[in-house]
Amino acid sequence: MIDGTSSSSANLPLYLAGRTLQLSLQRPCIVGILNVTPDSFSDGGCYLSVAAALAQARRMAAEGARLIDVGGESTRPGAQPVSSQEELDRILPIVEALRSNLEVPISVDTCKSSVARCAVAAGAEFVNDVSGLNFDPDMAHTVAETGAGLIVMHSRGRPERMQLNTHYQDIVAEVCASLRQSLGLALAAGITADRIAIDPGIGFGKDVAGNLELLRRLAVLTELGRPILLGTSRKSFIGRVLGQEDPAQRLEGSLATIALGVAAGARLFRVHDVAATQRVATMSLAVCQGADWVA
């Protein structure tokens, strides 16, 4: 399986462009999660102050994170939306502090164009839209105008209702079709292809079986020709498989999905546990590349 899955990624892009930089994807790119929300499923309430958020970002950078993803609105299943102003109040001071104190680039996890515009003006390089440009009709043009990079994710409905419809005829084909549509919206708005990554949206409108099937056949997404971001860290389907209710006890399961994701061609990994993920992803890529590996 490793030969088959690793060869599928041979022609994927070697970088992802942001507003002012390029992220190399020749090695796995670890994206550190920095939720500045009171209700995120794993770390809600931990990093609400600028000081706490900056300290966590510094820890993740020291552990190998090459991108910090800042989120001011929880998108866990069942989460209730917050206003644009509340989201901005949460994230802007932290984006500004990170920009002033760290060299690691920033992405902003939002589906609101007004929040994205302000966050990029404050220093964010990328916009991570969990709706795949489908919640806010102005998002694609906003990202294009700011010059930011873009991550489009597949989801089915808004977080407060997305787990009410988790049935698919062919989950991989339907996710690919949705991501292809999101790519079309981005390109039509003027976002260049080198600025776009895709995310299959593990846990967003999918049940346990659907998540597992999507991971099992993840290599199919390489056919879309864009870098793949995988976000499985500590999610509930891992808890269901391992019998672990506490998200903090799902590290081993999360790392298993990282290793398989590397083999399938994913190169960006959005995680809570940066150091362990960095080591597992590096070792996994070395195995996949074999004699071609250069340390």
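To be clear, the structure that these remarks concern was listed above.
Heads up: these notes are all about the structure in this document. The structure presented is a predicted model; accordingly, all values stated were derived computationally and were not measured. (Residues numbered from 1 in each chain as written. Predicted model: local features only at pLDDT ≥ 70, side-chain atom pairs only at ≥ 80, totals over all residues. Heavy atoms only, no water.)

1. A closer look at the overall build of the protein
Logical step 1: Across its full length, the protein carries ten helices and ten strands.
Logical step 2: A compact globule built from 295 residues should have a C-alpha radius of gyration of about 19 Å, and the protein, at 17 Å, falls within 12% of that.
Logical step 3: Based on the C-alpha atoms only, the size of the protein along its principal axes is roughly 50 × 45 × 40 Å.
Logical step 4: Burial status across the protein gives 57% buried among its 295 residues.
Logical step 5: Intrachain contacts of the protein at a sequence separation of at least 6 include 70% that bridge at least 24 residues.
Logical step 6: Charge centroids of the protein, computed over 26 positive and 30 negative side chains, lie 2 Å from each other. (Helix = DSSP H or I, 4+ residues; strand = E, 2+ residues; numbered from the N terminus. Rg over C-alpha atoms; globule rule 2.2 N^0.38 Å. Buried < 20%, exposed > 50% of the residue type's maximum accessible area, 1.4 Å probe, protein only. Contact = heavy atoms within 4.5 Å. Lys, Arg positive; Asp, Glu negative; His and termini not counted. Charge placed at Lys NZ, Arg CZ, Asp CG, Glu CD.)

2. A short note on the pairing of strand β4 (residues 67-71)
Logical step 1: Within β4, five of the five residues are buried, which leaves it mostly tucked inside the rest of the structure.
Logical step 2: Side chains L67, D69 and G71 project from β4 onto one buried face, and the interleaved I68 and V70 project onto a second face that is buried too.
Logical step 3: For strand β3 (residues 29-35) and β4, the ladder comprises five bridges, and the chain directions are parallel. Of the residues in β4, the one forming a bridge with I33 is D69. (Pairing = 2+ DSSP bridges.)

3. Quick look at the nonpolar core
General note: in soluble globular proteins, nonpolar side chains tend to be found buried as a group.
Logical step 1: Membership of the largest hydrophobic core comes to 68 residues, with the highest contact counts inside it found for L34, V70, L98 and V127.
Logical step 2: Take this core: its biggest share by element is eight residues, from helix α6 (residues 171-189).
Logical step 3: Beyond its immediate sequence surroundings of up to four residues, V70 is in contact with L34, V36, I91, I94, V95, L98, I106, S107, V108 and D109.
Logical step 4: Judged by nonpolar contacts, the second largest core, of eleven residues, contains L23, C29, L67 and L229. (Core = buried A, V, L, I, M, F, W, Y, C linked by side-chain atoms within 4.5 Å.)

4. Some details on a nonpolar patch on the surface
Logical step 1: Together, L212, V241 and L242 make up an exposed nonpolar region whose accessible area comes to about 250 Å².
Logical step 2: Structurally, L212 can be placed in helix α7 (residues 208-216).
Logical step 3: For L212, a relative accessible area of 39% puts it in the partly exposed group. (Patch = residues over 30% accessible without salt bridge, like charges linked within 9 Å, V, L, I, M, F, W, Y side chains within 5 Å. Areas by Shrake-Rupley, 256 points an atom, 1.4 Å probe, with all protein chains shown as cover. Salt bridge = Lys/Arg side-chain N within 4 Å of Asp/Glu carboxyl O.)

5. Thoughts on the sheet that holds β3
Logical step 1: Spatial ordering of the open sheet is given by β8-β7-β6-β5-β4-β3-β10-β9, a layout of eight strands whose pairing is parallel. The outermost strands of the open sheet, each flanked by one partner alone, are β8 (196-199) and β9 (229-230).
Logical step 2: Across four bridges, the pairing between strand β6 (residues 126-129) and strand β7 (residues 149-153) is parallel. Bridge assignment links F126 to a residue of β7, and that residue is G149.

6. So, helix α3 (residues 84-101)
Logical step 1: Counted at 1.5 Å a residue, the expected span for α3 with its 18 residues is 26 Å, and the 25 Å between its end C-alpha atoms agrees.
Logical step 2: Taken as a whole, α3 carries its principal kink of about 30° at I91; the proline P93 stands between one and four residues after it.
Logical step 3: All of the buried residues in α3 are E87, L88, R90, I91, L92, I94, V95, A97 and L98.
Logical step 4: Those residues of α3 that are buried are in contact with β3, α2 (50-63), β4, β5 (106-109) and α4 (113-122). (Expected span 1.5 Å × (residues − 1). Bend = angle between axes of the 7 residues up to and from the residue.)

7. Concerning the pairing of β7
Logical step 1: Taken across its five residues, β7 has five buried, putting it largely inside the fold.
Logical step 2: With burial as the criterion, each face of β7 is covered, one bearing G149, I151 and M153 and the other bearing L150 and V152.
Logical step 3: For β7 and β8, the ladder comprises four bridges, and the chain directions are parallel. Bridged to L150 within β8 is I196.

8. Examining the packing of α6 against α7
Logical step 1: Where α6 contacts α7, the axes come no closer than 9 Å and their chain directions differ by 75°. By the angle class used here, α6 and α7 are roughly perpendicular. Contacts from I171, V172 and V175 in α6 reach G210, E213 and L214 in α7. (Axes fitted to C-alpha atoms, helices over the stretch in contact; angles between N-to-C directions. Parallel < 35°, antiparallel > 145°, perpendicular 65-115°, else oblique.)

9. Some thoughts on the packing of aromatic side chains
Logical step 1: Counted under the stated rule, the structure contains zero aromatic pairs.
Logical step 2: Above the plane of the ring of Y168 lies R156, whose end atom (NZ or CZ) is 3.7 Å from the centre. (Phe/Tyr/Trp six-rings, centres within 6.5 Å; stacked < 30°, edge-to-face > 60°. Lys NZ or Arg CZ within 6 Å of the ring centre and 35° of its normal.)

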